[in-house]
Each structure stands twice: as structure tokens, then as C-alpha cells.
Amino acid sequence: MEMQEDSLQVHRLPQSKYVDGVRWLPQASALNRFFAAAFYDPDSESSSIEIQSLDPNPNNSPSVVSLSSWTSPSRVSSLEIAGNGGGGGTFKPMVSAATSSGSLHVLMVDLVEGGVVQEVHAERLHVGRVEGVDWREGGECVTVGDDGRVNVVRVVNGEGLRCRRVFDGNGLVGYRAVKWASPSEFVTGGYGFGLQLWDQRKPGEAVSQLNGNWFQGKTSAVVHSIDIHPSRKHTCIAGGSSGTVFAWDLRWPKQPIVLSGVGASEGTNNPLSESEVWEVQYDSYTKSNISSSRILPVMTCSEDGILGVIEQGEEPIELLAEPCAINSFDIDRQNPQDVICSLEWESIAVFSRP
């Protein structure tokens, strides 16, 4: 396994609360970087979203200033950037916070006026915890939960949130992750390492699925995160239990391509992690000379504190090895060398790759 942490200048920013999630905001200033963080205070049992400014001083440790905060009605279960749906683009991005009590809140952040955050829309969508949310351009998102509900939600100016229920499993099935594949298609994942492809033009049920029996029941099998590459929308990557990261080619839906963990072939390189993989994102910064038939590099974070990059047929690259879980991370879309992640021990780590 290749290790790169020694060559990285990692800045760990202590926080006074538990960090449930982090997301970069668009770069609205040449001097400062902005990000959103979801916090949970166990002492007061309160949750909030904070907008923070990061001054990336190259000579010293970066300074962080909390600009504004919004109090959530319950613990935040999903934090996402909601694109430009109804917002002001780079200077007034939209942020969504889904909660453990089933609600979705859309917030607007004014980066011109000091990072002020305010709630603009809210709706109760699920019974219990919202497990996954994904937005696409145009102000439309899809939400999933353990209650088996799959909702498509649109931001309508002057009206608020307009919700359409695509499916309701009535608690008999549950979903933990979701990702858009096209303006009309999205992929969900949940228990048993199964994945489902949905098409809004064909309502009622999933149009294709990867059954979870491929892992032969060797372990608990839950999909926690899904990503789909914008230029290869036929390939879905998923991360979950026991360090497992696998790809599903929607054109060949019967068998996954296992990159790490359960079900990996004996010739597969050493896994980055053997615990829960909490998040996966395609990594556009890691250069790859692989052919179009191979899986592009993927960044992952895990319960055993590993942040790294997996590439099909190559040794995995370990970027961080922390003594606690790495709950979430985000690669900056505008500057993909920059990565931010939340650490279980009340800290945020930031680094820029050379």
C-alpha cells in the first residue's frame, strides 16, 4: 500500500462539538475558502449547520472563523450542496440539511454578506431518519430513508418544495444512499449490497437491480454511499460494510466489479480498510492512464480512520490514517487537489495535494 500522508501538509482544526459532515462551498473569494459543517453537541443535544471561513495561510496553520449558524430541529443525517436551485450561484449557494426526524431543510448562504445562512424551505418527507439526499442542477433532489420511501423533490420559486413519492416500501425495505445518473434516472442502495436503478419515465418500481446475493452472505452488507461519474453515467461506485467498494456497470447489471473488501478476488490488492466505508467519491485529481473499460480512481473514508484512493489494478493510496473514524469528506469540485474531512474526535482535517 502506497502512503502519501508524509508528503501532505494536513491541518487539523479542533472543534467543540461532534462533526457529522462537511462540504465545500463554491469559491467566491480569491483569499478565503468557505465550507459548511454539520455539528452535534451531546451536552445540549442540539444540532446545527455552521458556515465557516478558512484562511489558507501558506506560512502558518490556516485560521477558521465561524460566520453564521442555523439550528436544526434534530440531528443532521445528510449535508449536501444543493447546486444553484433557486439560489444565486457562486455567491448565494444553497445547502440542504436532512435530519434524523425525517425533514429536509434548504438553506441559502450569502457569501457576499458575511456568510449569513437562512432557511428558505422545509418539508417533512420521511418517517424517521433521512438516509440519503442527492441534488442535480435545476433545483431537484432525490431523498431515501429506512422507511422505504423514495422521493423526488423540486424547489419551486414562490411555492417552496414540491414532493413526489416515487416509491414507498412501507418499512419493508430500506435505502441508505442515492445518486442521480441522469435528469430522469437515479441509483439507490441499502441492505444486502443491492443497488437499484430507477427511471422517472417508468414509475412504480426499479427498472434494473443488482441483487445482493453476489457476496454470498459472508458478512453484514450495507451500502452507505454511492457516486456516479459525470462523464461515465453508466458506471456506479458504491461503498459499504467490511471495507467493501464495488462498481456496478448499468449496461451489465448481473455482476459487480469488486475493488476492495468482501467478494474481492485473490488477486485484488490489499484493502484500504476492513471496516465501514462511510463515503465514496470519484477522484478527478488522481491521474490515471487506464483504459475506458477500467474503473476510474475513487476516494473513500472509513470507520477505522483511513482516507485513501482506490484504483482498479493498482495499489491503494493511503492519504490519512487517523486514530478515530473519518465520517465524511469532500473533494472541492473547482480545486480537486483540496480535500476536507470530518473526524470523529471533534475535529476537521484540511489538506491540499501537491
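Residues numbered from 1 in each chain as written. Predicted model: local features only at pLDDT ≥ 70, side-chain atom pairs only at ≥ 80, totals over all residues. Heavy atoms only, no water.

Asker: How do you make sense of the nonpolar core when you look at a structure like this?
Answerer: Nonpolar side chains in soluble globular proteins tend to end up buried together. Formed by 18 residues in total, the largest nonpolar core has its most connected members in Met299, Leu307, Leu319, Leu320 and Phe351. Going through the elements one at a time, strand S24 (298–302), strand S25 (306–310), strand S26 (317–321), strand S27 (326–331), strand S28 (338–343) and strand S29 (347–352) are the ones with two or more residues in this core. If you look at the next biggest cluster of nonpolar residues, it comprises 17 residues, including Ala177, Phe193, Leu210 and Ala238. (Core = buried A, V, L, I, M, F, W, Y, C linked by side-chain atoms within 4.5 Å. Buried < 20%, exposed > 50% of the residue type's maximum accessible area, 1.4 Å probe, protein only. Helix = DSSP H or I, 4+ residues; strand = E, 2+ residues; numbered from the N terminus.)

Asker: Just checking my understanding: could you explain the environment of leucine 320 for this structure?
Answerer: Positionally, leucine 320 belongs in strand S26. Considering only alpha carbons, one finds leucine 320 and leucine 8, 312 residues apart in sequence, at a separation of 9.1 Å.

Asker: Help me out: how do you make sense of the sheet that holds strand S13 (residues 149–156) in this one?
Answerer: Hydrogen bonding along the main chain pairs the strands of a sheet, whether they run parallel or antiparallel. Within the open sheet, the four strands sit side by side as S11-S12-S13-S14. Their pairing is antiparallel. Edge strands, defined here as strands with exactly one partner in the open sheet, are strand S11 (130–136) and strand S14 (160–168). Direction aside, neighbouring strands of the sheet carry axes that sit 20° apart on average. Pairing between S13 and S14: eight bridges, direction antiparallel. If you follow arginine 154 over to S14, its bridge partner there is arginine 162. (Pairing = 2+ DSSP bridges. Axes fitted to C-alpha atoms, helices over the stretch in contact; angles between N-to-C directions.)

Asker: Quick question: what am I supposed to make of the pattern of salt bridges here?
Answerer: In a structure, side chains of opposite charge can pair up when their charged atoms sit close to one another. The tally for this structure, following the rule as stated, stands at 19 salt bridges. The shortest N-O distance in the salt bridge between glutamate 279 and arginine 23 comes to 2.7 Å. Here glutamate 279 is found in strand S23 (residues 277–282), whereas its partner arginine 23 is found in strand S3 (residues 18–24), with 256 residues between them in sequence. Under the relative-accessibility criterion, arginine 23 is labelled buried at 9%. A salt bridge links aspartate 332 to arginine 33; its shortest N-O distance comes to 1.8 Å. Linking aspartate 332 in the loop between S27 and S28 with arginine 33 in strand S4 (residues 33–41), this pair joins segments that are 299 residues apart in sequence. As far as burial versus exposure is concerned, aspartate 332 and arginine 33 are alike and both buried. One network of salt bridges, with partners in common, ties together Arg23, Glu80 and Glu279. (Salt bridge = Lys/Arg side-chain N within 4 Å of Asp/Glu carboxyl O.)

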